[in-house]
Structures are given as C-alpha cells and as structure tokens.
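Results of the structural survey
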Amino acid sequence: MSASDSGFFRRDGNALIASELTRGPWHENFQHGGPVAALLGHAVERLLDTECEFVARVRVEFLRPVPIARLEPHARLVRDGSQVRTVEAELMTAGKLVARAWALAIRRRALGITDAVVPGALPTPESCPALELPFFLHSVGYHTAMELKRARGEYGNGALAAWMRARHPLVEGEPPSPLQRVLLAADSGNGVSARLDTRRHSFANPDLSVALHRDAEGDWIGLDAETSVEPDGIGLADTQLFDTRGPIGRVTQTLLVAEVESLH
C-alpha cells in the first residue's frame, strides 16, 4: 500500500483508529478539527440516502481535545421528516464524549430551472503557489496530509484565500464523499486567515458551522477566509467555500484566542 493510500483513519470493527495524519498544531497527541469534523460527517452520511438527500448544514462542537487514538462514532436520526431530516452524531474515546455534530439533510428535487452557479472568484489551483502554515510544530500531521495553495492575499494579515486538497482518504480504503472533502478543509479557515503572531497566540475554535448549497466537485476546496479578533479574546473566522466551478457555501468558526504562555 502506498503512502497516498493510507488514511486519516483506519477501521477497527465499528471503531476507527486515528493516524498521525490527523495531528493538529497545538499538541503532538491531539487531532486537528478537520479530520474530526469529516469523521462526524462520515457517520452522518451512513444514516442518509445521499443520492436523494443533500446535507445542507453541519454544526460541530469540539467538546475537548480529540486524541490521536481509537474513536467510536455514533449517529441517530432526531428528525425523520419526508423532506427534511436531522442527524445527530457523536465521537467517543475511552468512554468520553469528545465531539458531536448536528446535520440538516434536505431531499433533492428537480425544479427545471437553469443552473445558478456563479463563476469562481479564485484563480485556479494550478496557477497558485504552494502555501505552508508556520504554526504546525511536528514533521507529520494534518499540514502534511493536505496540499495547500495560496490563491489571494498574504499570510498573517487576517484575510487570505487558499485552495486545499487531501493527499489521503479520510478512511483507509474508502473514497471520500464531497461532504467529507469539504469538512476536511473547512476547519482551516481560521488557520489560513490568522491575524495574530502564532508564536504568541493560539486561536482554537470550539465550534464549526458549515452551510452548503451544492455538492463540491473535484478534489480542491477553496477557502476565502477572514478573521476578526477582539481585545477580550473572542474572535470569528468567516469563510466562503469554493470548488473550481464556483461558490458552494460558507463556514463560521467562533475563536477562543489566548496567549500561548497562558496555556501552560
């Protein structure tokens, strides 16, 4: 099996084992939010008919740092309507709840109207230079598992557009769905649009809200992100999502901004 065939997670019965590709920037033993969100999306989709239903909104809460360990996903229908269904998903590890999500799925129906997709506002990924995020401290992790291209702006100014695509499948041996590809990238809006010196401040997000209006096409996900930070340590990252055909949705992340010294 080649390195590109290995996944962020591998199956172990009904559980999944996280690989070091999930490693985030703040601690060597904890995951980045992207793989966690995507794994919750994976659990949601297992309860839906994704040919007939479109997941239009996903709201994720990161309840505590998620370890690079064995995770047990659980999902259940909490609203089972004929047109709209809601799924709640949870991730457990060692008997502890570490993250949960609520997803709103809408039944697809043909309206017989013209495709309303707006042409993309970002340059193509092929024309963009590579981007490296400086706050990842370890040689292997989420930052090496994802390919990044800078589409517009300069890093560190609080606003930047970037393209991202996964170099590995979410779950080993399984092709990722459009929703999973989006969720793998969507939690990076605050990272690409960092406003503060990452040597002095962290900007973790306790939640992630993703709203979509169509499926992502292709592997590349575009993030046109802007971060706002207030003097009281509250921040917000607001990101428009793209594929190479145009806009697909929007992301917001509430930010908990802290001085690095205060975290130890």
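What you see is a predicted model; the values in this text were computed from it and never measured.

**A few points about the overall build of the chain**
- Counting its secondary structure elements, the chain contains four helices and 13 strands.
- Relative to the globule expectation of 18 Å for 264 residues, the C-alpha radius of gyration of the chain, 18 Å, shows essentially globular dimensions.
- Structurally, the chain occupies a C-alpha span of about 50 × 45 × 45 Å along its principal axes.
- Considering only intrachain contacts with a sequence separation of at least 6, the fraction spanning at least 24 residues in the chain is 68%.
- Seen as two clouds, the 28 positive and the 34 negative side-chain charges of the chain have centres 3 Å apart.

**As for the pattern of salt bridges**
- In total, this model carries 18 salt bridges according to the counting rule given.
- With its nearest N and O atoms 2.8 Å apart, the salt bridge here joins Glu147 to Arg165. Placement of Glu147 in strand β7 (residues 146–152) and of Arg165 in strand β8 (residues 159–166) is noted, with a sequence separation of 18 residues between them.
- When its relative accessible area of 28% is taken as the criterion, Arg165 is described as partly exposed.
- Where Arg214 meets Glu217, a salt bridge forms, and the shortest distance between an N and an O atom there is 3.9 Å.
- A residue is classified by how much of its surface remains accessible, and Glu217, at 38% relative accessible area, is partly exposed.
- In this structure, a network of salt bridges that share partners links the residues Arg214, Glu217, Asp243 and Arg245.

**Section: the environment of Met164**
- For Met164, the location among the structural elements is in strand β8.
- In sequence terms Met164 and Gln31 are 133 residues apart; their C-alpha atoms lie 18 Å from each other.
- With sequence-adjacent residues up to four places away left out, Met164 is seen in contact with Tyr142, Met146, Glu147, Leu148, Ala185, Ser188, Asp219, Trp220, Ile221 and Leu223.

**Here we look at the packing of aromatic side chains**
- Enumeration according to the criterion identifies five aromatic pairs in this entry.
- A centroid spacing of 6.4 Å and a plane angle of 25° characterise the contact between Phe136 and Tyr142, whose relative ring orientation is stacked.
- A residue is classified by how much of its surface remains accessible, and Tyr142, at 2% relative accessible area, is buried.

**Topic: the packing of helix α1 (residues 33–45) against helix α3 (residues 178–186)**
- Viewed as axis vectors pointing N to C, α1 and α3 meet at an angle of 155°, and their least axial separation amounts to 7 Å. Viewed along their axes, α1 and α3 adopt a mutual orientation that is roughly antiparallel. The interaxial crossing formed by α1 with α3 has right-handed handedness. Taken together, the residues of α3 that come into contact with α1 (itself represented by Gly34, Pro35, Ala37, Ala38, Gly41, His42 and Glu45) are Leu179, Gln180, Leu183 and Leu184.
- Class assignment for the residues of the contact of α1 with α3 results in six nonpolar, four polar and one charged.

**Let's talk about unusual backbone geometry**
- One non-glycine residue, Ala94, lies in positive phi territory at about 50°.
- Of note, Ala94 is situated in the loop between β5 (84–93) and β6 (96–107).

**What to know about the nonpolar core**
- Counting residues in each nonpolar core, the largest one holds 64 residues, and the members touching the most others are Phe8, Val210 and Leu241.
- Here the element with the most residues in this core is α1; it accounts for seven residues.
- Residues Leu122, Cys128, Ala161 and Trp220 belong to the second largest nonpolar core, which totals seven residues.

**Points about the pairing of strand β13 (residues 246–259)**
- Where strand β9 (residues 201–204) lies against β13, four bridges are found, and the strand directions are antiparallel. Note that in β13 the partner of Phe203 across the bridge is Val257.
- Pairing of strand β10 (residues 207–212) with β13 involves four bridges; the strand directions are antiparallel. Within β13, the position partnered with Ser209 by the bridge is Thr252.
- Where strand β12 (residues 234–243) and β13 come together, 10 bridges link them in antiparallel fashion. Bridge pairing in β13 links Gln240 to Arg250.
- What sits between the antiparallel neighbours β12 and β13 is a turn of two residues.

Each value, and the rule that gives it
- Residues numbered from 1 in each chain as written.
- Predicted model: local features only at pLDDT ≥ 70, side-chain atom pairs only at ≥ 80, totals over all residues.
- Heavy atoms only, no water.
- Helix = DSSP H or I, 4+ residues; strand = E, 2+ residues; numbered from the N terminus.
- Rg over C-alpha atoms; globule rule 2.2 N^0.38 Å.
- Contact = heavy atoms within 4.5 Å.
- Lys, Arg positive; Asp, Glu negative; His and termini not counted.
- Charge placed at Lys NZ, Arg CZ, Asp CG, Glu CD.
- Salt bridge = Lys/Arg side-chain N within 4 Å of Asp/Glu carboxyl O.
- Buried < 20%, exposed > 50% of the residue type's maximum accessible area, 1.4 Å probe, protein only.
- Phe/Tyr/Trp six-rings, centres within 6.5 Å; stacked < 30°, edge-to-face > 60°.
- Axes fitted to C-alpha atoms, helices over the stretch in contact; angles between N-to-C directions.
- Parallel < 35°, antiparallel > 145°, perpendicular 65-115°, else oblique.
- Left-handed = near helix turned anticlockwise from the far one by under 90°.
- Nonpolar A, V, L, I, M, F, W, Y, C, P; charged D, E, K, R; others polar.
- Core = buried A, V, L, I, M, F, W, Y, C linked by side-chain atoms within 4.5 Å.
- Pairing = 2+ DSSP bridges.

In short, shape yes, function no, at least from these values alone.
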